[in-house]
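Structural overview for review
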Amino acid sequence: MTASLASVDPRLLRAFLAVAEELHFTRAAARLYVAQQALSRDVRRLERELEAELFVRTTRQVALTADGERLVPLARQVLDAQEELLTAFGRTRPLLVDLNSEGLGTTRRVLVRARELAPAHELTARYESGLTKAADDMLAGRLDASFGRYAGLAPAVRARLGHQSVRYEPMAVFLPEDHPLAALPEVPVRALAGATVYAGAGNAGTREWTGLARQLFERHGILPASPVPMAVGREEFARVMSRTRVPVLAVVDFSAMPGAVLRPLVDPVPLSPVSLVWRKSLVHPALDALRRGAAEISRAEGWLEKPADGWIPAIDEDVMNGHM
């Protein structure tokens with residue numbers, strides 16, 4: 001490469017990184033909301049400016065060349081520096097935050113407080129899946145921040161992400177309204193022994209949650225429900241629950257669902273470790289507001305005070321205490 005990266009249009013670097021991460025021009029174009037022809041044109045222009053071939057293209061696949069591999073970390077550095085420069089002078093893009101589900105009260109409260117702390121900045125919410133998928137999207141530049149069980153991510157993924165402990169959230173269970181346990185104000189974990197409970201099995205985007213549930217279930221003889229398509233939305237949730245009648249593992253601040261009752265789990269109280277997670281290189285005032293908002297509410301509500309009878313895997317305890 002003979003050209004200086006300082007003279008390259010950042011748009012071309014964004015186009016290059018999208019293709020480098022997707023290894024597919026159609027998917028990269030969709031990610032950037034541009035026409036595939038325009039994306040291909042930008043990549044060719046970058047190759048001309050750098051006097052280097054960045055991709056090997058065939059009818060069946062796209063692969064990085066050696067020069068392309070060398071450019072990936074350099075392009076990220078340039079784009080991160082540009083974002084930091086714009087932030088320093090008050091010119092920022094919207095911050096995209098995945099709250100995982102519209103029903104989760106913890107993440108919604110943090111977002112609301114962050115918007116109050118940073119009214120001049122746009123924080124945009126999406127509701128897609130668990131932290132496993134969100135982590136992939138953050139590392140690919142499609143997402144800025146999310147929430148969830150940080151310890152459930154692979155070590156290589158955690159190494160590229162920052163996190164802040166937010167809450168030990170007690171778990172609960174959704175039950176059909178006429179379920180025998182629905183009359184109880186709280187459900188002892190032992191009462192579910194031998195029962196089948198759904199915890200996201202088969203959903204690739206929520207592996208961290210399913211892994212936590214598996215450890216809880218194995219300790220108490222609870223059977224994990226077989227994979228089923230994830231129910232999205234209140235109406236679909238109600239339909240699936242009325243048909244399958246399988247209890248669903250949840251958390252205490254999940255919003256009400258039609259046809260079901262939410263009951264806290266006790267003896268012990270299983271805990272869902274919630275962290276705010278972001279791409280390590282991200283610099284954005286709205287992220288600062290998210291972090292401040294999370295810390296404020298955590299202190300005020302005692303979210304990081306673990307119940308005496310709380311249960312959580314050792315690796316999650318270490319992560320929440322900053323030991324990993």
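Residues numbered from 1 in each chain as written. Predicted model: local features only at pLDDT ≥ 70, side-chain atom pairs only at ≥ 80, totals over all residues. Heavy atoms only, no water.

Examining the confidence of the model for the chain
Overall, the prediction assigns the chain a mean pLDDT of 88, with 93% of residues at 70 or greater. Ranking the elements of the chain by mean pLDDT puts helix α9 (residues 234-244) last with 71 and strand β7 (residues 187-188) first with 98. (pLDDT = per-residue confidence, 0-100. Helix = DSSP H or I, 4+ residues; strand = E, 2+ residues; numbered from the N terminus.)

A look at helix α1 (residues 10-22)
For α1, spanning 13 residues, the distance from its first C-alpha to its last is 18 Å, which sits close to the expected 18 Å at 1.5 Å a residue. Along α1, the residues classified as buried are L12, L13, A15, F16, L17, A18, V19, A20 and E22. One or two residues past the end of α1 sits L23, with phi positive at roughly 50°. (Expected span 1.5 Å × (residues − 1). Buried < 20%, exposed > 50% of the residue type's maximum accessible area, 1.4 Å probe, protein only.)

A word on the pattern of salt bridges
Two side chains of opposite charge can pair, provided their charged atoms sit close to one another. Scanning all chains against the criterion turns up 24 salt bridges. The residue R113 makes a salt bridge to E116 at a minimum N-O spacing of 3.0 Å. Placement of both R113 and E116 in helix α5 (residues 105-117) is noted, with a separation of three residues, approximately one turn of the helix. On the accessibility criterion, R113 (24% relative accessible area) is partly exposed. The network of salt bridges with common partners includes E22, R27, D98, R126, E128, K133, D137 and R142. (Salt bridge = Lys/Arg side-chain N within 4 Å of Asp/Glu carboxyl O.)

Some words on unusual backbone geometry
The omega angle of the peptide bond from D267 to P268 is 0°, so this bond is cis rather than trans. Mapped onto the secondary structure, P268 falls in the loop between β11 (260-266) and β12 (269-279). Notably, N100 is not glycine yet its phi reads approximately 75°, a positive angle. Phi at D267 takes a positive value of approximately 55°, unusual for a residue other than glycine. Checked against the element boundaries, D267 lands in the loop between β11 and β12. Given a relative accessible area of 45%, D267 falls into the partly exposed group.

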